[in-house]
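# A look at the structure
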Amino acid sequence: MAHLILHPCGLLTPPLPSLHPVTLRYPRRDPPNTLCLSHTVRRQTVKRSEVRQMPTLPRGGGEDLVREEQVSSRKKQLEDYLNKLLKMPVYRNYHATMEFIDVSQMSFVGDLGPKGLEGMVQKRSGGHRIPGLNCCGRTKACYRWSKRWLVVKDSFLFYMKPDSGAISFVLLVDKKFSIKMDSKDTETKHGVRIDSLSRTLVLKFSSYRHARWWGQTIEDFVQRHGQAFLQDHRFGSFAREEENTLAKWYINGKSYMEDVANALEAAKEEIFITDWWLSPEIFLKRPVMEGNRWRLDCLLKRKAQQGVRVFVMLYKEVELALGINSEYSKRTLRHLHANIKVMRHPDHVQSAVLLWAHHEKTVVIDQSVAFVGGIDLAYGRWDDQEHRLTDVGSVTRSLALSGFDTPLSTAAVSSCDSTTAAQRNGKSAAPVDTVDQPRLRGAARSRFNLYRHLHRHGLQSADSVSSLESSEDSGSNTISSRRNLIPSWRAALRVVLPLGGVQAETGSTQSLQTGMGQLIGNTRFWHGKDYCNFVHKDWIQLDKPFDDFIDRHTTPRMPWHDIASVVHGKAARDVARHFIQRWNFTKIVKPKYRSLSYPYLLPKSHSTAGELKYTVPDCVLTKVQVLRSAADWSAGIKYQEESIHNAYVHAITNSKHYIYIENQFFISCADNKHVFNKIGDAIVGRIIKAHRENKKYRVYVVTPLLPGFEGDINTGGGSALQAVMHFNYRTMIRGDYSIVSQLKQEMGDQWINYISFGGLRTHAELEGRLVTELIYVHSKMLIVDDNTVIIGSANINDRSMLGKRDSEVAVIMEDTETVASVMDGQEYQAGRFGLQLRLECFRIILGALTDPSIDVSDPVSDRFYKEVWMATAARNATIYQKVFRCLPSSDVRNMMELETFLSKPGLDKEDPGRAQEELKKIRGFLVQFPLHFLSEQNLLPSVGSKEAMVPMEIWT
């Protein structure tokens, strides 16, 4: 029998078709009333095509069994008998059969790792480490014992309900995993106690020997196969370093979202998504040339229809404080398909978590490919290296249909299901001219409207020109009436490929290379709510995704600069493991998710992580470790983890030549009263060390010129905006704890040779007038010495770094492949991954993409630091102030000077022609950070304001 279980033959190798990993990982989808059907009724529901005849076991005489040559034959006959029996689902799925041969539906799923011990146990209720929910189960009077089928795997164990086979708990192996068998530890006779960071599980057995055998077998199996998960890893991370991992970086959302879209399309089994904010209607590939094919909700619906299970975890915001409307995102996704499951967490009142957020941004495909970074799949995040300020036009094509060859606008978009498009935008179901929505000034400018033309010919409203080709997948009721038109439409439609720029109706003179042919004019990349400037105005009415909420003809958008990454194999398994831990914890903590429709998730084994069915193109091999900020409230673990913080401090302290930081916040320098993270102090210590050793060392910090809060900076901004400004400036230059103040005590004004603070800004022409706007730096990235990179969702502040506050995920990538480079004029072996990322960042923000004379190869030399980096930042800042009189500015140190500053017009008003000439001198986007802006003003929230009523930790 043991031979059959451990080394199955015939039927059980390979696994049965019905034991496919996709279906086994989740409970049966039978309605609740069918889960309790008797064994007899189940037999009556067997399909006619299935084997139903009971096999017979050949009988032999007693003498035959004695003969040695007959033993092998009889064993084979027994195996054949059991295999034939297990061909019948009615017996294979029957819990008594599984108990008899010590196997379950999960026993032979290869991705779940080697088969360990299985069997029926008695388990005690309680033991979960859930903040505020442990009152029941703490006393023996509350305990109850339940019969469960326990399965032990290499990195986790789980148990199932015997009657239904539904998984009812998963316990992950971690560094605190231990087995105890003494009665004083188990508090029960013949017990086994299993501890981890998330739970204490107590099992009861019929005898002392039985309990000892179970406990020792579990411990031996986990020690043999799951040793990596039992260790305390570098930086205190839950995950170990993984060698030879395929990885890739992304600058800005365009390339990131394209690769995410392609990976989602390749998904075969499951998709995991976490976001601080998720907008279902965003387009992952732009411009929109294939209808709604690459719109996030349509893509997820298509995969769900193919049988892929989609699991999404969203941050449940405090609605009075944030307007991201996660309830709308959840409702929209859930209604797409039953295979899409969405959880929101935390419930702020019930869990007493009012201040902290789930801030991580990850996408995991089949637990084999994991995207990690700072880019939410949400409005405003899509951008490219041009960082456009304007988007008032539309894709312009040449049309030869029914005698029309005038330019045609194709900016309209709709729902995945065209029958519900109108309802999505809160309109009636009648055909509407979506090109002309919203009806803001200058919005209706098309000379020809496709929608009106099609409606005159008896057709319902279409999504867009390209959606005529893709709408066959949308389930529209009007497909049959369009089919006669589509072939001639495809033949007649051609994309114009001009040799040079063509004057568009909007005044743009650029022709855009899109990879889909060249498009004339200023292409509409951002539809509806995606066109945003959140400092000017925060989002509203998110349930009307394709209605503009700011006037794109008068207000420039705010460009979005961000960084992300993708990893494969074992590192991707670790990202998935974190997702699974959070998902299963949320399922326990929120009663609404305890039903079978929200299944427990199981992590795939690292032993099969090398079998990559899909890889993202253009990756390089690196050493990768997954890091996180996690605690009891966010992941249900006993001790908080702050491995991101530890990795930042370690990388900075041990850097040899330079560090380059891009981050949305820069709040550090511990005073152990309001600020506790030590990243700023590590920077100070490393600079002082270089100064004392008389060695060159550079620190580059790029952060937003203003925090991302709604407020009019012309009047000083709002209290929230000023509060974050206060702590940013406190870290940089103001107060005794600031970086510059500490450095001045050591080296006077020499600090400027070691550290530079910068922001990003750009300009454009909008409706015939010059405009400027800051580029919002949302990155969370550190590059060290061209060979070590940290990319993730963690900001440089206490919220992200301390572990017990916001939840975060990041990856640290260390190069193993080197290329020849230069450092301080000397030959240097730089890492392929780190070097190329740093070079591309520098090329974009310094303008080297369009001006090859700008040399960004050496990040340490005096020539680069002073004549390129510092000079470019100073020149750009001076020109922008001269032309636009823009804020923030170091010339404005208090509110009185603010009024005087704004009273004087810039060149854009006085002499637009001269202003244009000045702006031609701009290179890239880098500008000096205005270190003295409002330096004489108290920026903390004033007494009596609502911002002053919240704890100080909210801003740090």
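Cut-offs applied
Residues numbered from 1 in each chain as written. Predicted model: local features only at pLDDT ≥ 70, side-chain atom pairs only at ≥ 80, totals over all residues. Heavy atoms only, no water. Helix = DSSP H or I, 4+ residues; strand = E, 2+ residues; numbered from the N terminus. Buried < 20%, exposed > 50% of the residue type's maximum accessible area, 1.4 Å probe, protein only. Contact = heavy atoms within 4.5 Å. Expected span 1.5 Å × (residues − 1). Lys, Arg positive; Asp, Glu negative; His and termini not counted. Salt bridge = Lys/Arg side-chain N within 4 Å of Asp/Glu carboxyl O. Polar contact = N/O pair within 3.5 Å; in protein donor to acceptor, adjacent residues only side chain to side chain. Pairing = 2+ DSSP bridges. Axes fitted to C-alpha atoms, helices over the stretch in contact; angles between N-to-C directions. Parallel < 35°, antiparallel > 145°, perpendicular 65-115°, else oblique. Left-handed = near helix turned anticlockwise from the far one by under 90°. Nonpolar A, V, L, I, M, F, W, Y, C, P; charged D, E, K, R; others polar. Phe/Tyr/Trp six-rings, centres within 6.5 Å; stacked < 30°, edge-to-face > 60°. Lys NZ or Arg CZ within 6 Å of the ring centre and 35° of its normal. pLDDT = per-residue confidence, 0-100. Core = buried A, V, L, I, M, F, W, Y, C linked by side-chain atoms within 4.5 Å.

## Thoughts on the overall build of the chain
Within the chain, the secondary structure is distributed over 31 helices and 32 strands. For the chain, buried positions account for 60% of its 956 residues. Looking at the chain alone, contacts between residues at least 24 apart form 73% of all its contacts between residues at least 6 apart.

## Observations regarding helix 24 (residues 719-732)
In an α-helix, one turn spans 3.6 residues, which is why side chains three or four residues apart end up on the same side. A rise of 1.5 Å per residue sets the reference length of helix 24, with its 14 residues, at 20 Å; its end C-alpha atoms lie 20 Å apart and thus fit the reference within 8%. Counting buried positions along helix 24 yields twelve of 14 residues, so the element is predominantly enclosed. Within helix 24, the full set of buried residues consists of Ala720, Leu721, Gln722, Ala723, Val724, Met725, Phe727, Asn728, Tyr729, Arg730, Thr731 and Met732. The inward-facing, buried residues of helix 24 contact helix 25 (739-747) and strand 24 (755-766).

## Observations concerning the side chain of Glu317
Relative to the helices and strands, Glu317 resides in the loop between strand 10 (309-315) and helix 13 (326-334). Lacking a salt bridge, the buried Glu317 has Arg344 as its closest oppositely charged neighbour, with an N-O distance of 4.5 Å. Among the polar contacts listed, one links the side chain of Glu317 to the backbone nitrogen of Asn325, at a separation of 3.2 Å.

## Quick notes on the sheet that holds strand 7 (residues 200-204)
If you walk across this open sheet you meet the seven strands as 4-3-2-1-7-6-5, and the pairing is antiparallel. Here the strands that pair on one side only, and so sit at the sheet edges, are strand 4 (167-172) and strand 5 (178-180). Pairwise comparison of adjacent strand axes, ignoring direction, gives a mean angle of 35° for this sheet. With seven bridges joining them, strand 1 (residues 118-124) and strand 2 (residues 145-152) adopt antiparallel strand pairing. Looking at strand 2, one finds that Glu118 is bridged to Val151.

## Re the packing of helix 23 (residues 679-692) against helix 25
When two helices pack together, their arrangement is given by the angle between the helix axes and the distance between those axes. Between helix 23 and helix 25, the shortest axis-to-axis distance is 10 Å and the interhelical angle comes to 20°. By the angle between their directions, the pair helix 23 and helix 25 is classed as roughly parallel. Between helix 23 and helix 25 the crossing geometry is right-handed. Residues Gly680, Asp681, Ile683, Val684, Ile687, Ile688, His691 and Arg692 of helix 23 form the contact with helix 25, whose own contacting residues are Ile739, Gln742, Leu743, Glu746 and Met747. Of the residues that constitute the contact of helix 23 with helix 25, the class distribution is seven nonpolar, three polar and three charged.

## Quick look at the pattern of salt bridges
Pairing between side chains of opposite charge can happen when their charged atoms approach one another. For the structure shown, the criterion picks out 45 salt bridges. Between Asp195 and Arg193 there is a salt bridge; the shortest N-O distance is 2.8 Å. What makes Asp195 buried here is its relative accessible area of 6%. We classify Arg193 as partly exposed; its relative accessible area is 23%.

## Quick word on the packing of aromatic side chains
Applying the stated criterion across every chain yields a total of 33 aromatic pairs. A ring pair is formed by Tyr250 and Phe371, whose centres lie 6.3 Å apart and whose planes are at 35°; its orientation type is tilted. Here Tyr250 is found in strand 8 (residues 242-251), whereas its partner Phe371 is found in strand 13 (residues 369-373), with 121 residues between them in sequence. As far as the burial class goes, Tyr250 and Phe371 line up, both buried. Between Lys341 and the ring centre of Tyr598, over which it is positioned, the NZ or CZ distance is 5.9 Å. Its guanidinium or amino end placed over the ring of Tyr600, Lys587 lies 5.1 Å from that ring's centre, counting from NZ or CZ.

## Points about the confidence of the model for the chain
When pLDDT is averaged along the chain, the result is 79, and 75% of the positions lie at 70 or above. Confidence over residues 1-46 falls short of pLDDT 50; this stretch has 79 contacts with residues more than four positions distant or in other chains. This stretch, residues 132-139, has a pLDDT under 50; its non-local contacts, to residues over four places away or in other chains, come to seven contacts.

## Notes on unusual backbone geometry
Residue Pro346 is bonded to the preceding His345 through a cis peptide linkage, with omega at 5°. Its place among the elements puts Pro346 in the loop between strand 11 (340-345) and helix 14 (348-351). Here the residue pair Leu887 and Pro888 is connected by a cis peptide bond, since its omega of 0° sits within 30 degrees of zero. Turning to its location among the elements, Pro888 is positioned in the loop between helix 28 (862-884) and helix 29 (895-903). Phi is positive for His190, close to 60°, though the residue is something other than glycine. With respect to the helices and strands, the residue His190 is situated in the loop between helix 8 (183-186) and strand 6 (191-195).

## Topic: the environment of Phe727
When you line up the elements, Phe727 lands in helix 24. For Phe727, a relative accessible area of 2% gives the class buried. Here the alpha-carbon distance between Phe727 and Leu939, two residues 212 residues apart in the chain, equals 9.0 Å. In this view, Phe727 contacts Phe666, Ile667, His674, Val675, Leu940, Met952, Trp955 and Thr956; residues no more than four positions away in its chain are not counted.

## So, the pairing of strand 29 (residues 808-815)
As a general feature of sheets, a regular strand has side chains that alternate between the two faces. Buried residues dominate strand 29, accounting for eight of its eight residues. Side chains of strand 29 alternate between two faces, with Glu808, Ala810, Ile812 and Glu814 and Val809, Val811, Met813 and Asp815 buried alike. Pairing analysis gives eight bridges linking strand 20 (residues 620-630) to strand 29, with the strands arranged antiparallel. Counterpart to Ser629 in the pairing with strand 29 is Glu808.

## With respect to the pairing of strand 20
Extensive coverage of strand 20 is indicated by the burial of ten of its eleven residues. Relative to strand 20, strand 8 is paired through four bridges, and the arrangement is antiparallel. Considered in strand 20, the bridge of Leu246 is made with Leu621. Of the pairings in the sheet, the one linking strand 20 to strand 21 (residues 641-642) comprises two bridges and is antiparallel in character.

## Let's talk about the nonpolar core
Formed by 124 residues in total, the largest nonpolar core has its most connected members in Tyr256, Leu264, Phe371 and Ile683. It is helix 23 that contributes the most residues to this core, seven residues altogether. In this structure, Ile683 is in contact with Ile652, Ile659, Ile661, Phe666, Val699, Ile739 and Ile755, ignoring residues within four places of it in sequence.

## Details of the environment of Asp538
With respect to the helices, strands and loops of the structure, Asp538 is situated in the loop between strand 17 (518-520) and strand 18 (560-561). Asp538 gets classed as partly exposed once you look at its relative accessible area, which sits at 33%. Through-space distance from the C-alpha of Asp538 to that of Ile550 is 9.4 Å; in sequence the pair is twelve residues apart. Once residues lying within four places of it in the same chain are set aside, the contact partners of Asp538 are Phe549 and Glu710.

## Quick notes on helix 11 (residues 253-266)
End to end, helix 11 covers 20 Å across 14 residues, agreeing with the expected 20 Å (1.5 Å per residue, within 8%). Looking at helix 11, one finds that the buried residues are Gly253, Tyr256, Met257, Asp259, Val260, Ala261, Ala263, Leu264 and Ala266. Here the buried face of helix 11 lies against strand 8, strand 9 (270-275), helix 12 (296-305), strand 12 (362-365), strand 13 and strand 19 (563-568).

## Some remarks on the packing of helix 27 (residues 832-846) against helix 28
Here helix 27 crosses helix 28 at 50°, and the two axes come no closer than 10 Å. Taken together, the axis directions place helix 27 and helix 28 in an arrangement best described as oblique. Within the contact between the two elements, helix 27 uses Phe842, Ile845 and Leu846 and helix 28 uses Phe864, Val868, Trp869 and Thr872. Counted by class, the contact of helix 27 with helix 28 contains six nonpolar, one polar and no charged residues.

## Describing the environment of His691
Looking at where His691 falls in the secondary structure, it is placed in helix 23. Apart from residues no more than four positions distant in its own chain, His691 is found in contact with Glu746, Met747 and Tyr754.

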